[in-house]
Amino acid sequence: MIDIRMLRDEPDRVRASQRARGEDETLVDLVLTADARHRTALSDFERLRAEQKAFGKRVAKASGEDKQVLLDQVKETAAHVKELERMASDAASERDGALRRIGNVVIDGVPAGGEDDYVVLEEHGAPRDFAAEGFEPRDHLELGTLLGAIDMGRGAKVSGSRFYYLVGVGARLEFALMRMALERAYEAGFQQLAVPTLVTPETMAGAGFLDAHADEVYRLEADDLYLTGTSEVALAGFHAGEILDLSEGPKRYTALSTCYRREAGSHGKDTRGVIRVHQFQKVEMFAYVRVEDAPAEHARMLQLEREMLDAMEVPYRIIDTAAGDLGGPAARKYDCEAWVPTQGRHRELTSTSNCTTFQARRLGTRERDPLGSGTRAVATLNGTLATTRWVVALLENHQQADGSVLVPQALRPYVGEDVLRPVAAV
RNA sequence: GGAGGCGUCGCCUAGUCUGGUCUAUGGCGCCCGCCUGCUAAGCGGGUUUGGGGCUACAACCCCAUCGAGGGUUCAAAUCCCUCCGCCUCCGCCA
């Protein structure tokens, strides 16, 4: 949720942001008119309520006939107060309804437009020339099958399409990535949390995942709980409703969790292998910082992602995601995309978002205002440090003609192997 | 799953039976000031959060806030209902 005071003071800024996102800018006026109505109604209610309270005191002191007279007088007021209160709260929910539909105000410099309007900021490494090396690259599933590392058939047997088993070196490779990511996060000052992956509707909505992506989310009807698509949800909820002390610096957390996604809108897309699946593992970074420190923290997260990807020794690029592709809570988002040889294109491996105060405002995460009295919303940021999908980039980019795969140096201590070799079927 | 108890402004706590004198008591902690060789003690004051009015986003005034949401009433921390969380005991269980 954006700051209503900012919307009142600078409505044009919000309109411009909505325009950049390709979203409805008339919501701004909807909020403004409902807000005006709310404030008028609230004043009316408060005035009469004060009157009613004062009257109540006289009633308490009176007795006998006097009391009866006063009671008759104030009865009407009571009904009127209730009416005014209802009007005020109706206007407030109308205002909040519109306000909640407005995405975070995009940071200056973010490219306008949709999915394809991203700007490439950096490119690292060069794709291998398999033709020059004299062999046709196998895709990650073919390699995973040869290595006995990925078993889609049994995944489908047990759970349906888009489920899989990682077997032997496959499972070890994934786990190695997670361990390495957690260790690096720890060294960078992130406290590790083991988090819930089932959360309440309030938490899910607070983190911003029930708006545009509601149909992407698994819901447990019987218990009214949601399965999280990222540990970001639980990490964002961790300090919900709390007043934090950030005077000693940011609060940084990291978590490994299983992530669940319905992939409802992507039938027929990425159906091979583990590129797009219903369940995967992910190590996430999350930080609560002062709003002034958010851009620096964002850069820091991106740097940690860069270092992880460098260690994977795969070609990748970094993009500045366009406004329309940010999602509601983010004000800026950088994706790191690795080169996937058999697809001839880059695929997202990490994503780091600066949500400024948007998420925190919904979740009620605040700090003592260092500038004045009272409290103010903190900023939240998140970023990926490893996911199951990284296996795709590792297998394809490090494959050899005989179907074996070289493990990048940095990962070897965690995998316990230098080379993954084809095995007989299990 | 069953039975019972509890949830008050950072922490502890009074108030709930018997609705109005609650503008929520007291202690601890914390902040400001006084006093004082220093420190401690002592003394005085302040200390939930959100919103609105007015404004310098100050002071001040008002409304809401006693786990959450409804209800009864002229009036609710207090009475009623629903939900959530914690604790104790029993049962069941990978």
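Residues numbered from 1 in each chain as written. Chains lettered and ligands numbered in written order. Predicted model: local features only at pLDDT ≥ 70, side-chain atom pairs only at ≥ 80, totals over all residues. Heavy atoms only, no water.

Caption draft 1: Main features of the protein's contact with RNA strand B. Among the 23 residues in the neighbourhood of RNA strand B, the closest are listed as R49, K75, R366, R368 and T375. Counting only atoms of RNA strand B within 4 Å of the protein, the fraction found in sugar and phosphate groups is 71%. A distance of 2.9 Å separates a phosphate oxygen of RNA strand B from a polar side-chain atom of R8. Contact between RNA strand B and E46: a base nitrogen at 3.1 Å from a side-chain N or O atom of the residue. For the surface near RNA strand B, the secondary-structure elements that each account for two or more residues are α1 (4-9), α3 (27-61), α4 (64-100) and β14 (366-368). Element by element, the count of residues in the surface near RNA strand B is highest for α3, at 12 residues. Class assignment of the residues belonging to the surface near RNA strand B gives a composition of eight nonpolar, four polar and 11 charged. (Near = heavy atom within 4 Å. Polar contact = N/O pair within 3.5 Å; in protein donor to acceptor, adjacent residues only side chain to side chain. Helix = DSSP H or I, 4+ residues; strand = E, 2+ residues; numbered from the N terminus. Nonpolar A, V, L, I, M, F, W, Y, C, P; charged D, E, K, R; others polar.)

Caption draft 2: Looking closely at helix α2 (residues 11-21). Regarding α2, the residues found buried are P11, V14, R15, S17, Q18, A20 and R21. Among the structural elements, α1 and α3 are those in contact with the buried residues of α2. Where α2 ends, the next residue or the one after it, G22, has phi of about 75 degrees, a positive value. (Buried < 20%, exposed > 50% of the residue type's maximum accessible area, 1.4 Å probe, protein only. Contact = heavy atoms within 4.5 Å.)

Caption draft 3: Expanded view of the pairing of strand β13 (residues 345-354). With eight of 10 residues buried, β13 is to be regarded as a mostly interior element. Direction of pairing for strand β12 (residues 332-340) relative to β13: antiparallel, over a ladder of nine bridges. Residue pairing across strands places A338 opposite R347, the latter belonging to β13. In this structure, the hairpin formed by β12 and β13 is closed by a connection of four residues, where G344 is found at a positive phi of approximately 60 degrees. (Pairing = 2+ DSSP bridges.)

Caption draft 4: Here's a closer look at the packing of aromatic side chains. One pass over the structure, following the stated rule, counts four aromatic pairs. Ring centres of F130 and F135 lie 5.3 Å apart, and the angle between their planes is 85 degrees; this geometry places the pair in the edge-to-face category. Take F135: its relative accessible area is 14%, and that puts it in the buried class. The interplanar angle of 65 degrees and the centroid separation of 5.1 Å between the aromatic rings of F286 and Y288 together place this pair among those described as edge-to-face. Note on Y288: relative accessible area 1%, which makes it buried. Taken together, the aromatic side chains of F238, Y253, F286 and Y288 make up a single cluster linked through ring pairs. (Phe/Tyr/Trp six-rings, centres within 6.5 Å; stacked < 30°, edge-to-face > 60°.)

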